[in-house]
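Structural overview
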Amino acid sequence: MKNKFINVLKKQLDDNVSHQFDIAFVELSKTDVHKSITYGEFYKKVYKLGEQLIQNGYQNTKVILYMSNNIDSIINLFSCFYANIIPIIKSYNTDNIEIDKYVDEINVLLNNFNKINYVFLDNILYEKVKSELNIDNVINLNNICPNDLIFECNDKIDNFDFVLSTSGSTAIPKCVKISIDKMFSNILFDNNLWEVNKNSKFLNWLPISHIYGLTSIVFIPLYFGATSYLMKPHDYYDNCYLWIESIFKYRITHTSIINFALNQLSLIDNIGDNIDLSSLQNLSIGGESVKLNSVRTFYNKYKKYNLKFNVFSPSYGMSENSGLVSEYKSDFGQPLSIKVDRKLLIEGKMKEDKYGIEIVNLGQIDKNNVLISSKNGDYYNNDDEIGEVVLNDKSLCSGYLNNNQEFPKYFHTGDLGFIHNDCLYLCGRIKDVIVIRGKNFASSLICDTISNTLSKTNVGINTFITLPDNDDSIYFVQEVLKPLNTHELKLEIQEVIKSYTKYDIPLENIILIKSSDLPKLSSGKLDKITLTNLIMGGVLK
C-alpha cells in the first residue's frame, strides 16, 4: 500500500484533470524564479524515481535523506514515501557544503541508530561527501537506474513514515517518529486557522529539516493544491529584505517567520516605495519564543506598506506533535497578549496586572488535549495555574527512534505555561528554573528583564548557569558586543537579580564575555554544557 500522501496527490489529479497544469513549487534564486514544476510533472517525477527505488530493492528501509530548499529534494522525499522508505530528514546548504559537518553528522546517526540501511544524497552532496565516508551504502539519488529485477512494494512494516530531529538536539539528536496520519490531523487543524485553498501562495526560507519549515513549505501547500515558493535559507541570511521583496513580487498569501527575523527586518532602512504587503493573509510566527515588542516594532515598520495587523499569528508547536499545538488568530476575539505581574510570574504565580509584563497569546486550545502539570504530577486545565505544558493530542507522535519506546499518553513538553480564557501562554522552560535558597525562579524572565534594562547598552544574549553546589554556585553570563564599563554593568545586573530574588549574587559570579568567546550550538543557541565546564574549570571569570 502506497504512502497516504501519494494517494492524496493522485486523487487531486484524478478528480480534476486541469490541476496537473497548476504550479506546485517555484524555486527562487534570491527573488528570481530559478525553476518551477506543475502538479502533473511533480507526480510523474515522484512516480518514476519511486518505481526505480522499488526496483532496486530499497523499499521498507530506513535511510538518512539530505535535503535542501529546492524542488529536487522534495521529489526525493516523496519518492521515498512512494517506495515506503522511511527517511531521517537532514538539511544542507547547497552554496556552502561543510564536508566535515555532514560526515560527522552521518557517522553520529549511523553509530547510534543501527537500523539505518542507507544514506541517500543528491549529486551535489554525493560528490563532496562520499569519499570521506567509510561506508558502502551511500546512494546517489541522481544516479538511480532502472533494474531488471522486479521487487514488489510491500506494505509498510513500521507505524511511522519519516523522522525529524528536534530543534533542541545537541550531540546525539532526538529523532521523532512521525506518521502521515498524525501529520494529516495536524494539517487539518492548521487549515482551521490558515484557510488555505488552491489559490493560496506560500513563501518560506526556513530549513526543510525543521518541522516548522517542512509543514509550511511542503505538506500544507501540497495537501490543499496551493503553490509554494521556495527560498534558500542562505539567500535570506545574506539579505533578509529578499523575503519582503518576494512577498510583494509574487503576491504571497501565507508565510512563516521566527522572532529573531522580525527583529532583523525591523532594522532595514532602504525599503522600496512600491512595496505592497496587502496580499498577506497569514504571518505565522514560531520556532522560538515570540516577543510582543518584536511583533509591534515590525508592524510599525511595515504598516505603511499595507501590512495588516490581523495577519500576525504567534504559534506554538514541535516535531513531537507533528507540527502545531496552537496558534493565535485575531478572528477568535481574544487579545494578542495579556499583562501579568512580572515578579509573581518569576516566582511561578500568575496574576493579571495592567502595569505588568506582556505575555503573548499562543492561541485557543482544547483543554482535553493541552493540560498543565502540577509539581506533584497531577494534570489540570484550570485557568491561571502555572506548570509544565502537557500534551494529549491526536497529532502526538509515537515516540523517538533513539530508544524505540512509545510516548506516554501524556507527553511532557518541558515548557512552563498557563491557560487563560482557553488560550495558551508560555513563560519559560522547566530546565531554566533556578533554585535560590529553596525557592524557584523562572530564570528566562529575569534574563529578559535584564536585557530590557540594558537595552541602551551594546549587549547580547544572557543566561544563568547553576553549578551543583550551593547558592554561591549560581553564575550569570552576559554577552558583551563592545567594550563597556564592566563594574557599572555588573552592578546594574546585580541590582535587577536582587530585586526579583532578594539574592545578592557576588559580582565575581557575573561573567561578561565577548561574542567571539561565547560557545554556541549549530542552532545558534547557547552551549550551556560548555559554558558550565568553562566556569568549573576556572577558564571564565
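None of these values were measured; they are calculated from a predicted model.

1. So, the nonpolar core
Ranked by size, the top nonpolar core spans 117 residues in total, and within it Phe78, Phe120, Phe219 and Trp243 carry the most contacts. In contact with Phe120, other than residues within four places in its own chain, are Leu53, Tyr58, Val63, Ile64, Leu65, Tyr66, Cys80, Ile85, Ile139 and Leu141. Counting residues in hydrophobic clusters, the runner-up holds 36 residues, among them Ile436, Ile446, Leu454 and Ile497.

2. Brief notes about the side chain of Asn204
Topologically, Asn204 is positioned in strand S9 (residues 201-204). Note on Asn204: relative accessible area 0%, which makes it buried. Polar side-chain contacts of Asn204 include one of 2.5 Å to the side chain of Ser216. Leave out the neighbours within four places in its chain, and Asn204 touches Asn69, Tyr212, Gly213, Ser216, Ile217, Tyr229, Leu230, Met231 and Ser256.

3. Some points on helix H4 (residues 99-112)
An ideal rise of 1.5 Å per residue puts 20 Å on 14 residues; H4 measures up with 20 Å between its terminal C-alpha atoms. Of all the residues in H4, the buried ones are Tyr102, Val103, Ile106 and Leu109. Each buried residue of H4 sits inside an arc of 130 degrees when the element is viewed along its axis, so together they form one side. Looking at H4, the residues exposed on the side facing more than 90 degrees away from the buried face are Asp100 and Asn111. The elements touched by buried residues of H4 are strand S3 (62-67), strand S4 (86-91), strand S5 (118-121), helix H5 (123-129) and strand S8 (175-178).

4. Looking at the sheet that holds strand S6 (residues 138-140)
In space, the seven strands of this open sheet follow the order S6-S5-S3-S4-S7-S8-S20, with mixed pairing throughout. Pairing within the sheet leaves two strands with one partner each, and these edge strands are S6 and strand S20 (399-400). In terms of strand pairing, strand S7 (residues 162-165) meets S8 through four bridges, oriented antiparallel. Residue Leu164 lies in a different strand from S8, and its bridge partner there is Val176.

What counts, and at which threshold
- Sequence order as written defines residue numbering, which begins from 1 separately in each chain.
- Note on the predicted model: pLDDT of at least 70 is required for a residue's local features to be given, and 80 or more for side-chain atom pairs to be given and counted; whole-chain, interface and lining totals, by contrast, use all residues.
- Based on all heavy atoms of the structure, the side-chain values leave hydrogens and waters out of the count.
- We define a nonpolar core as any set of buried Ala, Val, Leu, Ile, Met, Phe, Trp, Tyr and Cys residues linked to one another through side-chain atoms lying within 4.5 Å.
- Relative accessibility under 20% of the residue-type maximum defines a buried residue, over 50% an exposed one, and the middle range a partly exposed one, all with a 1.4 Å probe and only protein chains included.
- Contacts between residues were defined by any pair of non-hydrogen atoms, one from each residue, lying within 4.5 Å.
- Each helix is a run of DSSP H or I of at least 4 residues and each strand a run of E of at least 2, with the numbering of both proceeding from the N terminus.
- Within 3.5 Å is the distance limit for a polar contact, defined as a pair of N or O atoms, with the added protein rule that one can donate a hydrogen and the other accept it, and that residues adjacent in sequence qualify only through two side-chain atoms.
- Multiplying 1.5 Å by the helix residue count minus one yields the expected span of that helix.
- Here the arc refers to the set of directions running from the helix axis out to each C-beta atom.
- Two strands are said to pair when DSSP picks up at least two bridges between them.

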